[in-house]
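# A look at the structure
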Amino acid sequence: MTTAPLKLFSAFNSMAIPLLVLSLCLSNLCGSASASVSSSSETTMHTNNWAVLVCTSRFWFNYRHMANTLSLYRTVKRLGIPDERIILMLADDMACNARNKYPAQVFNNENHRLNLYGDNVEVDYRGYEVTVENFLRVLTGRHETAVPRSKRLLSDEGSHILLYMTGHGGDEFLKFQDSEELQSHDLADAVKQMKEKGRFKELLIMVDTCQAATLFSQLHSPGVLAIGSSLKGENSYSHHLDSDVGVSVVDRFTFYTLAFFERLNMYDNASLSSLFSSYNPSLLLSTAYYRTDLYPRQMEQVPVTNFFGSVMETIHTDHPYRYSKRKGSSKGKIEMSLDQAVQDEKRRILSNLGDQNIDSDTKCPMGSMIHMWNSILDEIEKFEDRDTLVYYGLVMMLPLLAVSSWLSS
Amino acid sequence: MAAPETPKLKPRPIVRLGILLISHNLVVSVICCISGIVALLLLPILAKNTYISENALMPGSANPMLSTQDVADANKLVKDLMDLKSESTSSDKMQRVVAEYISDLGAEVGYQKFYPQSDQFNPLHFFSLPDPGTLQEKVNCSSFAINVIGIARAPRGDGKEAIVLVTPYNFEDADLLDALSVGLTYSVFSLLTQVTWLAKDIIWLVADSRCGEYSSVAAWLRDYQTPVFGSSSAADSSTCDSSNTFYGLKDSSVIERKITDNFRRAGTMAAALVIKVIDKSEPFEDTLSLYAEASNGQMPNLDLINIVNYLAVHRQGLHVKVQKLTSLINAKWLTVLAQIFEYVGVIARRLNPQWKFGIPAAEYVDGTATLASSLYNQALGVPTGPHGAFRDYQVDAVTLEFSPKVYSMSKGRHKEFLVQGGRLIEGVIRSVNNLLEKFHQSFFLYLLTSPGRFVSVGVYMIPFALLVTPLPIMAASLYTKTNNLDSDAETNDLSIYQKSFTWLNAAKKVLLVHLWGAIVSLLPYAICHLGVSTPAMNLAVWSMLSVLCYLLFCLILGVRSAKSGKAQWAVLKSATLSAVFIGLCLMSVVNFATAEFGALLLVPMCLVIYPLKSDLHAGGLMNFSRMACNLALVLIGFPPAAFILLKGALDGFHSIYVGDFWIWVESLWAWNSATYLYITMIHLPCWLLCLHVLLHTR
């Protein structure tokens, strides 16, 4: 683990690097030496968002499951997660089903105002590709070499992942297609592997099936938050029937989740607890279940956009062209080495720091210093909890960097 | 330390239970028989409500799309057909009109010419479909009929599956109602050519029913399922003059249409609906009668009936009926029985409110009448309509018989009726269209007690099982008794030899009598070729030949036996019981309802049978009553007597004619009913064996 950042840093020919390497390696070593995975995730910051949206059931009469998933897809896209960070798995193609009265369209409401299957839908796994095996491969990142990047979950230690699943479930299982099932311990096992491989910082599992709560019973990994549509022994019901298409088009839990999100835009600060409290058992006809014991933060302080949206760090600079050019080159390097989560994370931090370094090199060091100070203040405002610790550490390193770069030049 | 003496071996519990049952065979028999009959009477109470088992069906989830425009077009077709009829146009002109109407919708149209086959008895055709090649020899070239077939292709379907609509229509002699049935189907078909949601092709068969509704549908199905490769018209032209191009020539004006003489096909059939409109003079509401029984008591999947019933009742507000034995509804004994059951139910509920098994007396009577009709139709093994032809190809089919209320018919208000019926058919088709596989989820073995209630196989097996249980027990008991009797008398080699010989002799007799039964079942084949005209004469010839055959058997093969004393009849009875048991169990697999009726007739007779002479010698009151009982049961057990009694009980005795039995039997073999085989190869021989026991002399 520790050799990877070393390799990476050798790509940068700067005198400041040894110091940085040392400090980063030290923190990394501490993380792995203590063997508590949670501490390492606490120290990393939330840098990106991913979503894995899974519809597990096929057949025409399960139209609503596809509509559920596509609705969620649309919502997370609207709230800022880009398509390349969404893994969409649809077990059947309702849009092109011969029974569909509206060919190539999928609706989640009988008013037909919104076609969910519009132009920009990227389905990553479709039809019979949606299997338990592929699902677990996506989560754990154990793909065959031929699998393209677009079909991989390239998350890292700073990722917040939304995992949404819908289909037909039962006591501690979720049916895939018509032949397989994912059991609660399969899911827990996959999550544990993800944790150990540093594939997420926080994970929100949202499941809309019958007896959804039972699917979470085996989870042990920290940083996991789970929401299910129903308790053990309860069914999840569909919300309404579209008598024009002739099928139920959306499930209750998903319908009310969407209703909650429709009121939000990506700058809203609605907390997870407000999402949870928006579920009304008398409207759902089931009891929504939240498992929060593995999740370290307070629900009231976590905005829903932490999972359903995307972090958007924009760093203001006076020299956009140079900045973007620099960024482009570093991005190219990232793409060369595949999905080593830790590398990715380190690289990210580094590229930011490097950019600022170069800024300070150029004509107006004071301006850049002020800008930096402002951004640091912003950061402090944003991350009040344990992230602040990390940031303070990083801030402390910046003067050191500046000094060393002065010296080298 | 253990004592070396061998402990007395205790037989295993199951053996001990068997011995216990055998030793108390009389009590067991009486209890089983009575409880079997009681269980049969309880079936209407044990009936459950039907439910849609297959998730994919989703009946009624979509709004019907049938518009008044479709109905107006259909009305025009009805008017055209009636006009043509009043002008006494030839039937082929009318067929062409129908074909053009279908073709105008953008559907493919084809004609099928066929020759009706004769109803001759052919012993080789049981349980097998007649080979089209052999059929050609017997067709009557002068009479033929032409089916018109329209196929609407599913725009985005894969073309591998199809749903069939059948409208029987007699092009030579049809009234307004027949034309309405064509109009009704046309309105649905015209809608289906426009919709975007079809996943299965729609086939509309206008079956030319001048040679019978069933035979026209069967002929079409036969051609559909057995494609002829190579020269397609070779088979036709070899037997009859080639008038196949008949339509091709006349239709030259409409050559651009998709009308051909070629036999058109779509995919495998998912389901079929036969649509009829008849006038039953319903006073208040439009009704829908369902007919589902196919040959040999086969039923379509219950889901098909369920969706039709659900949509008719809950969406279109039709009154749904299934067949009933109307004579049972007014039967005194049934009313009394119903009141008893209701009373017991009320008492039970008073004792414990959780027990809710009582049903109202009227409902019980109604349920019993429907159940009896369901059992009777299944037992007969004769399909109740053209839908029966589909079941031979494992296609689920049901006949929907609409009968509009008098009011709407008299005022000529067909439109409302057409909209209502059309929307029902559309709903059923949309539901079946949603289906992903064949119907398989719900029951195939069931009896209906009302359109919304059924008795499943697991429940109706119980009465039969109870009825046949005493047979092996009684047989075993009789056998052990005779063995004990013999071993008491003398224990030398000769007696053992004789004992086994007695047993062999009885078995031989049973076998021979069954062989005789098989020959009796084949006799009608010869009688048909004799050319005797009246049914009564035929019946007389058949019985004469049967008796003659039996006498021959007695003379040549001899039913002589070694003199082994009184035990001989008991061994014979034991063998008979075994034969009855095996026969009934076999029959229950083929056609359960037949076996049920057979068990009701045979089991009491076989259990009670006792030699007349012994009873006469004894002369007590018990013996006398047993004698009377025996005679009565043997009389009822004789198939023709049973038939006449049943017919008399249902229709009244004044209308009985001797030849009826022959006509009935003729219909059985014409429909390839296994009931015929049961009667001649199981029931009749067993009855004869019982007669043997009854008239035993030695």
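Residues numbered from 1 in each chain as written. Chains lettered and ligands numbered in written order. Predicted model: local features only at pLDDT ≥ 70, side-chain atom pairs only at ≥ 80, totals over all residues. Heavy atoms only, no water.

What counts, and what does not: UniProt positions are given in the numbering used here, feature names are shortened, and annotations may be inferred rather than shown by experiment.
With an unreviewed UniProt entry as reference, chain A is termed GPI-anchor transamidase, source organism Punica granatum. As recorded by UniProt, the Pathway (unreviewed entry) comment attached to chain A reads in full: "Glycolipid biosynthesis; glycosylphosphatidylinositol-anchor biosynthesis."

### Digging into the overall build of chain A
Short version of the rule: A run of H or I in DSSP becomes a helix once it reaches four residues, and a run of E becomes a strand once it reaches two; helices and strands are each numbered from the N terminus. When accessible area is computed with a 1.4 Å probe and restricted to protein chains, residues below 20% of their type maximum are described as buried, those above 50% as exposed, and intermediate ones as partly exposed.
What chain A contains, in helices and strands, is 14 helices and 12 strands. Counting across all 409 residues of chain A, residues that qualify as buried make up 54%.

### Some points on the interface of chain B and chain A
Short version of the rule: Contact criterion: two residues are considered in contact whenever any of their non-hydrogen atoms come within 4.5 Å of each other. Summed over both partners, the accessible area (1.4 Å probe) lost when two parts come together is defined as the buried area. Salt bridge, as used here: a side-chain nitrogen of Lys or Arg that lies within 4 Å of a carboxyl oxygen of Asp or Glu. Any N or O atom pair separated by 3.5 Å or less is treated as a polar contact, with the protein-specific requirement of one donor-capable and one acceptor-capable atom, and with residues adjacent in sequence counted only for side-chain atom pairs. Residues are sorted three ways: Asp, Glu, Lys and Arg are charged, Ala, Val, Leu, Ile, Met, Phe, Trp, Tyr, Cys and Pro are nonpolar, and all the rest, Gly among them, are polar.
Across the boundary between the two partners, chain B contributes 19 residues, which contact 18 residues of chain A. Roughly 1,400 Å² is buried in total at the junction of chain B and chain A, and carbon and sulfur atoms are behind 55% of that figure. Scanning the region where chain B abuts chain A turns up zero salt bridges. Counting every contact that joins chain B to chain A gives 12 residue pairs in polar contact (both at pLDDT 80 or more). Split into classes, the residues belonging to the side of chain B that touches chain A amount to nine nonpolar, seven polar and three charged.

### Description of the packing of helix H6 (residues 176–192) of chain B against helix H16 (residues 414–433) of chain B
Residue and element names in this part refer to chain B. Operational definition: Interaxial angles span 0 to 180 degrees and are taken between N-to-C directions of axes, which are lines fitted to C-alpha atoms, for helices over the stretch in contact. Roughly parallel here means an angle under 35 degrees, roughly antiparallel means over 145, roughly perpendicular means 65 to 115, and every remaining angle is called oblique. Less than a right angle of anticlockwise turn of the near helix away from the far helix marks a crossing as left-handed, whereas a clockwise turn marks it as right-handed.
At a closest axis distance of 9 Å, the pairing of H6 and H16 adopts a crossing angle of 50°. By the angle between their directions, the pair H6 and H16 is classed as oblique. The crossing of H6 and H16 is right-handed. Counted together, Leu176, Leu180, Gly183, Leu184, Ser187, Val188, Leu191 and Leu192 of H6 and His414, Phe417, Leu418, Gly421, Gly422, Ile425, Glu426 and Ile429 of H16 form the full contact between these two elements. The residue inventory of the contact of H6 with H16, partitioned by class, reads 10 nonpolar, five polar and one charged.

### Things to note about a nonpolar patch on the surface
All names here are of chain B. This is how it is decided: Grouping into patches uses exposed residues only, defined as over 30% relative accessible area, and leaves out salt-bridged ones; the cut-off is 9 Å for like charges and 5 Å for nonpolar side chains (Val, Leu, Ile, Met, Phe, Trp, Tyr). In these tables, accessible area is a Shrake-Rupley quantity obtained with a 1.4 Å probe, and a residue counts as shielded only by the protein chains included in the view.
Residues Val336, Ile340, Tyr343, Val344, Ile347, Leu351, Trp355 and Phe357 make up a contiguous nonpolar surface patch of about 790 Å² in total accessible area. Mapped onto the elements of the fold, Val344 is located in helix H12 (residues 332–351). Residue class for Val344 comes out partly exposed when judged on its relative accessible area of 40%.

### Re unusual backbone geometry
Residues other than glycine seldom take positive phi values, yet Leu285 of chain A does so here, at roughly 65°. The phi dihedral of Asn296 of chain B is positive, around 55°, even though this residue is not glycine. When you line up the elements, Asn296 of chain B lands in the loop between strand E8 (287–291) and helix H10 (302–315).

### Details of the sheet that holds strand E2 (residues 86–90) of chain A
All names here are of chain A. Just so we agree on the cut-off: Should DSSP find at least two bridges between two strands, the strands are taken to pair.
Spatial ordering of the open sheet is given by E3-E2-E1-E4-E8-E9-E12, a layout of seven strands whose pairing is mixed. Bordering the open sheet on either side are strand E3 (125–126) and strand E12 (289–291), each of which pairs with just one other strand. The pairing of strand E8 (residues 202–208) with strand E9 (residues 224–228) spans five bridges and is classified as parallel. Looking across to E9, one finds that Ile205 is bridged to Ala226. Against the sheet, helix H7 (residues 252–262) engages strand E4 (159–166), E8 and E9, with an angle of about 130° to E8.

### Examining the environment of Lys160 of chain B
Residues and elements named next belong to chain B. The residue Lys160 is located in the loop between strand E3 (145–152) and strand E4 (161–169) in this model. When its relative accessible area of 56% is taken as the criterion, Lys160 is described as exposed. Remark: the alpha-carbon pair of Lys160 and Thr268, spanning 108 residues in sequence, is separated by 6.2 Å. Apart from the residues lying within four places of it in its own chain, the contact partners of Lys160 are Gly267 and Thr268.

### Re the pairing of strand E10 (residues 396–403) of chain B
Residues and elements named next belong to chain B. When you tally the buried positions in E10, you get eight out of eight residues, the bulk of the element. Here E10 shows two buried faces, one formed by Asp396, Val398, Leu400 and Phe402 and the other by Ala397, Thr399, Glu401 and Ser403. Relative to E10, strand E7 (residues 268–277) is paired through seven bridges, and the arrangement is parallel. Along E10, the bridge assignment pairs Val274 with Thr399. As paired elements, E8 and E10 share five bridges and run antiparallel to each other. Across the sheet, residue Tyr291 finds its bridge partner in E10, namely Thr399.

### Description of the confidence of the model for chain A
Short version of the rule: As a per-residue measure, pLDDT tells how confident the predictor is, with possible values from 0 to 100.
Of all residues in chain A, 73% attain a pLDDT of 70 or more, and the chain-wide mean is 78. Taking the mean pLDDT of every element in chain A, the minimum, 41, falls on helix H1 (residues 3–10) of chain A and the maximum, 94, on helix H5 (residues 132–140) of chain A.

### Focus: H12 of chain B
Every α-helix winds through 3.6 residues per turn, so residues three or four apart in the chain are directed the same way. Residues and elements named next belong to chain B. Selection rule: Residue count minus one, scaled by 1.5 Å, sets the expected span of a helix. Throughout, the arc means the angular range of directions from the helix axis out to the C-beta atoms.
Taking 1.5 Å per residue as the helical rise, H12 with its 20 residues ought to reach 28 Å, and the 29 Å between its terminal C-alpha atoms agrees with that figure. Along H12, the residues classified as buried are Leu334, Leu337, Ala338, Phe341, Gly345 and Ala348. Within H12, the buried residues cover an arc of 100° as seen down the axis, which keeps them to one side. More than 90 degrees from the buried face of H12, the exposed residues found are Lys332, Tyr343, Arg350 and Leu351. Looking at the buried positions of H12, the neighbouring elements they touch are helix H2 (25–46), helix H11 (326–329) and helix H13 (361–380).

### Describing the environment of Tyr224 of chain B
Residue and element names in this part refer to chain B. With respect to the helices and strands, the residue Tyr224 is situated in helix H7 (residues 213–225). The class for Tyr224 is buried, based on a relative accessible area of 6%. Residues Tyr224 and Phe263, spaced 39 residues apart in sequence, show a C-alpha to C-alpha distance of 7.9 Å. Beyond its immediate stretch of four places on either side in the chain, Tyr224 contacts Ile203, Phe263, Arg264, Arg265, Ala266, Gly267 and Met269. A polar contact of 2.7 Å, which involves the side chain of Tyr224, links it to the backbone oxygen of Ala266.

### Remarks on the pattern of salt bridges
All names here are of chain A. Scanning all chains against the criterion turns up 22 salt bridges over all chains. Ionic pairing is found between Arg64 and Asp251, a salt bridge with its closest N-O pair at 3.0 Å. In this pair, Arg64 sits in helix H4 (residues 63–78) while Asp251 sits in strand E11 (residues 247–251), placing the two residues 187 residues apart along the sequence. Comparing Arg64 with Asp251 shows no difference in burial state: the two are buried. For Glu202, the salt bridge is made with Arg297, and the minimal N-O distance between the two is 2.8 Å. Pair noted here: Glu202 is in strand E8 and Arg297 is in the loop between E12 and helix H10 (305–308), with a separation of 95 residues, a long-range link.

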